[in-house]
Amino acid sequence: MCKHFALKTSLIALVLLGLPFAQAGTTTKADYQAARARIESDHKADRADCNALAANAKDICVAQATAKEKVARAELEARYSGKTSDQRKVLIVRAETAYAVAKEHCDDQAGNAKDVCVKEAKAVETKALAEARMDQKVDAARKESSADMRAADYAVAIEKCDATAGEAKENCIASAKSGFGLK
């Protein structure tokens, strides 16, 4: 049971340690291309290291090398583009690759222990993917709420302008429109 706990803990750590990107969109094209080449080179070296292994140890090594490459590419893409959607893709890639590696670890077991191991790995992946989807929905709700609050504040500003007349009212409306980025 201790082995299951250690595996589950490492899966959770792999999936959930994805910290927000503080410097999204700050990578230059040259840096991006150099990083892509470095990721490819590192992946080839990691795969070459796996050739010395055999059986499931080799499968685990290959899965880890592939996971490392996929996560690195997703993180690079997110840093380069700065898009929230690419940052979310990092979470998804982390979840999927952590599951793939965990499944390979489960192959060392047999019977019910293997079944439990696979189910635990799948549960961690499912939770991480749900978290990524929830983040997406929260972002959409924030944008919608922000637009609603802005519209409400604009309506209040315009209503305040109704208390005045003539040029003062026109100036007030123009100021409100300007303040809310309207023409």
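Please refer to the structure higher up on the page.
Everything numeric in this text was worked out from a predicted model, so none of it was measured.

Rules used throughout
Residue positions are given per chain, counted from 1 along the sequence in the order it is written. Given that the model is predicted, a residue must reach a pLDDT of at least 70 before its local features are reported, and side-chain atom pairs must reach 80 or more before they are shown or counted; all residues, however, enter totals for whole chains, interfaces and linings. Side-chain measures were taken over the full set of non-hydrogen atoms in the model, leaving aside hydrogen atoms and water. The numbering of helices and of strands both runs from the N terminus, where a helix is a DSSP run of H or I of at least 4 residues and a strand a run of E of at least 2. Each residue gets one of three labels from its accessible area relative to the maximum for its type: buried under 20%, exposed over 50%, partly exposed in between, using a 1.4 Å probe on protein chains only. Two residues qualify as a contact provided that any one of their heavy atoms is within 4.5 Å of a heavy atom in the partner residue. Computed by Shrake-Rupley with a 1.4 Å probe, the accessible areas treat only the displayed protein chains as cover when residues are assessed. The disulfide criterion used throughout: a pair of cysteine sulfur atoms within 2.5 Å. A pairing counts as a salt bridge when a side-chain nitrogen of Lys or Arg comes within 4 Å of a carboxyl oxygen of Asp or Glu.

Draft legend 1. Representation of the overall build of the protein in the model. Helix and strand counts for the protein stand at 6 helices and 0 strands. Along the protein, helices and strands appear, N-terminal first, in the series α-α-α-α-α-α. Within the protein, buried positions represent 27% of all 183 residues. Across the protein, contacts joining residues at least 24 apart in sequence account for 67% of those joining residues at least 6 apart. In the structure as shown, the protein presents an accessible area of about 11,800 Å², 57% of it carried by carbon and sulfur atoms.

Draft legend 2. Representation of the state of the cysteines in the model. In the structure shown here, the tally under the stated rule is 3 disulfides. Shown here is the disulfide that connects C50 with C61, its sulfur atoms set 2.0 Å apart. Around the S-S axis, the bridge from C50 to C61 shows a dihedral of about -80° and counts as left-handed. Here C50 is found in helix α2 (residues 29-50), whereas its partner C61 is found in helix α3 (residues 55-81), with 11 residues between them in sequence. Accessibility classification places C50 together with C61 in one group, the buried group. Here C106 pairs with C117 through a disulfide, and the sulfurs are 2.0 Å apart. Looking down the S-S bond of the C106 and C117 bridge, the torsion is -75°, so its handedness is left-handed. Residue C106 is located in helix α4 (residues 84-106), and its partner C117 is located in helix α5 (residues 111-161); the two are separated by 11 residues in the primary sequence. Residue classification places C106 among the buried residues on the basis of a relative accessible area of 0%. C117 gets classed as buried once you look at its relative accessible area, which sits at 1%. Disulfide connectivity for the protein, with bonded cysteines indexed by sequence position, reads 1-2, 3-4, 5-6.

Draft legend 3. Up close: the pattern of salt bridges. Counted under the stated rule, the structure contains 8 salt bridges. D46 is paired through a salt bridge with K68; the nearest N and O atoms lie 3.2 Å apart. Of the two residues, D46 is situated in helix α2 and K68 in helix α3; the sequence distance between them amounts to 22 residues. A salt bridge links E125 to K122, with the shortest nitrogen-to-oxygen separation between them at 2.7 Å. A residue pair is termed a helical-turn pair when its members lie 3 or 4 positions apart in one helix, as E125 and K122 do in helix α5 at 3 residues.

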